[in-house]
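Single-letter residue listing:
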Amino acid sequence: MNRCLQFIKDWMLPIAMATGVGLYLGFHFCHALHPIGPVCSVIVSKGQQIFIAIMLFLQFVKVSPSGIRFRGWHLRLLLFQTLSFSGLALAARLMEPGNARIMVEAAMLCFICPTASASGVITDRLGGSLPQNMSYVVFINALATFLIPAVIPLVHPEAGVSFWGSVWTIARRIFPMLLLPCLLAWLIRYTCPRLQAFLSRYTHWAFYLWSIGLIFAMILATRALVWSGLSWQALVMMGVISMLCCFIQFILGRVSASGYGKSISITAGQALGQKNTGFMIWLGYSFMTPVTAIAGGFYSIAHNLVNSWELYRKRKEGDEARAD
C-alpha cells in the first residue's frame, strides 16, 4: 500500500492528465451521459476556478507583500513576450486567410498567454523562488490586459469594440481570481498572524490542489481538441507549433536568468514556460480565429509533460543525494 501511495505521489501530474483525458473521452463516447453535459460543464469550469483560487491563496499566505518586487529578469521576459506577440501579429496581418495564418495566430497565443497561477507550486517544489515567480504572475497579467487589446485589432479588426471595452473584458476574466486570494491572504497576514502561521504549515497542499485542478484543465483541453473541427494534418501542425513554443519558452526562460543563479533560472523557466492555458483557450475563442483555441489544449499537455519530467529529475537527484 505504501509503495502504491508513493507511486501516485511521484507521478501525480501524469496521472491527473490521463484522468482528465479519460474522463472527457468516456463522457464523449457514452451517449447516455450527454443530457447532463451542461451541468458537468459548469462543474468543471467552476471547479477549476475554485481550486485555483484556493491554491493561489495558499501561495500568497507564504509570500510577503514586500516580496512582490520587479527584477531585471522580469523585464527580459516581458520584453520577449511583447515583441514575439507583436511581431507575429504583424506577420499574420500580411498573410491571407488560411491554415498558415491560423498557425501564426496559435503561436501568438502561446507567446502572450500569462503565466499559470499554478506555476508557483511547481517552482517551489523545484527549488525556485516563489516570491519572484508570483511577482511575474502579477506583472505579466497586467501587461497582457493592455497589450492584447492594443495588438489584436491588427489581426482581427472588429467594429464597435473599443480598446477600453476589451481591456475590461480581459481584466474581469483574470484579475478577480488573482487579486482576491492575494488580498485575503495578506489581510490574514496582518490581522491574524496566528492563523497565517497555521496556514503556512499547509502550503504544500497547493500541489495536490493543483493536481485536482489539472484534471479539470485536461477535460477542458480535450474538449477543445475534440470539437476543433480541424483536419488531422492541421491538428498535427497545431500540436507541433504549440509544443515548440512551449519548449522554447522553458529553455529561453532558464537561459535568460542563468546569471542570477540556479534558483532564479528555475523560476524564470517556469514563469515563461508554464501558461494559463484556460485563459489561452478563452482568448482564442473570444478574440482570434476560434480554432486557435486548441493551441491551449496542446500547450497544456506540453507544459505539464515538462513539469512532470522536471519533478522526476528533481526527485531522482534527491534520491541520489540521500544514497551518497
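Conventions we followed
Residues numbered from 1 in each chain as written. Predicted model: local features only at pLDDT ≥ 70, side-chain atom pairs only at ≥ 80, totals over all residues. Heavy atoms only, no water. Helix = DSSP H or I, 4+ residues; strand = E, 2+ residues; numbered from the N terminus. Contact = heavy atoms within 4.5 Å. Lys, Arg positive; Asp, Glu negative; His and termini not counted. Charge placed at Lys NZ, Arg CZ, Asp CG, Glu CD. Phe/Tyr/Trp six-rings, centres within 6.5 Å; stacked < 30°, edge-to-face > 60°. Buried < 20%, exposed > 50% of the residue type's maximum accessible area, 1.4 Å probe, protein only. Expected span 1.5 Å × (residues − 1). pLDDT = per-residue confidence, 0-100. Patch = residues over 30% accessible without salt bridge, like charges linked within 9 Å, V, L, I, M, F, W, Y side chains within 5 Å. Areas by Shrake-Rupley, 256 points an atom, 1.4 Å probe, with all protein chains shown as cover. Salt bridge = Lys/Arg side-chain N within 4 Å of Asp/Glu carboxyl O. Disulfide = S-S within 2.5 Å.

**What to know about the overall build of the protein**
- Helices and strands together make up the secondary structure of the protein, namely 14 helices and zero strands.
- For the protein, the sequential pattern of α-helices and β-strands runs α-α-α-α-α-α-α-α-α-α-α-α-α-α.
- Counting only C-alpha atoms, the protein reaches 60 × 50 × 40 Å along its principal axes.
- Counting only contacts in the protein whose residues sit at least 6 apart along the sequence, the fraction spanning at least 24 positions is 82%.
- For the protein, the centre of its 24 positive side-chain charges and the centre of its 10 negative side-chain charges are spaced 9 Å apart.

**Quick look at the packing of aromatic side chains**
- For the coordinates displayed, the defined rule picks out seven aromatic pairs.
- Both rings, one in Phe279 and one in Trp282, keep their centres 5.5 Å apart while their planes meet at 40 degrees; by these two values the pair is tilted. Here the residue Phe279 and the residue Trp282 both occupy positions in helix α13 (residues 277–287), the gap between them amounting to three residues, near one helical turn.
- Assessed through its relative accessible area of 16%, Trp282 is described here as buried.
- Taken together, a centroid distance of 5.8 Å and an interplanar angle of 75 degrees make the contact between Trp282 and Phe287 edge-to-face.
- Overall, the relative accessible area of 16% leaves Phe287 in the buried class.
- Among the aromatic residues, ring-to-ring pairing joins Phe279, Trp282 and Phe287 into one connected group.

**Here we look at helix α10 (residues 205–226)**
- For α10, built from 22 residues, the straight-helix expectation of 32 Å at 1.5 Å per residue is met to within 8% by its first-to-last C-alpha distance of 32 Å.
- Taking burial as the measure, the 22 residues of α10 include 17 buried ones, the bulk of the element.

**Digging into the confidence of the model for the protein**
- Averaged over the protein, the pLDDT score is 85; the fraction of residues at 70 or greater is 93%.
- The element-level mean pLDDT for the protein is lowest in helix α1 (residues 2–10), coming to 64, with helix α4 (residues 72–93) highest at 95.

**Some details on a nonpolar patch on the surface**
- A contiguous nonpolar patch, built from Trp232, Val236, Val240, Leu244, Ile248 and Leu252 and spanning about 570 Å² of accessible area, is present on the exposed surface.
- By relative accessible area, Leu244 is classed as partly exposed at 47%.

**Digging into the state of the cysteines**
- Inspection of every chain in the model, using the stated rule, returns zero disulfides.
- Cys30 forms no disulfide, and the closest cysteine sulfur to it belongs to Cys40, at a distance of 11 Å.
- Distance from the sulfur of Cys110, which forms no disulfide, to the nearest cysteine sulfur (Cys245) is 4.4 Å.

**Quick look at the environment of Tyr202**
- Inspection of the secondary structure assignment puts Tyr202 in the loop between α9 (193–200) and α10.
- By relative accessible area, which is 29% here, Tyr202 ends up partly exposed.
- Spatially, the C-alpha atoms of Tyr202 and Ile212 are 16 Å apart, while their sequence positions differ by ten residues.

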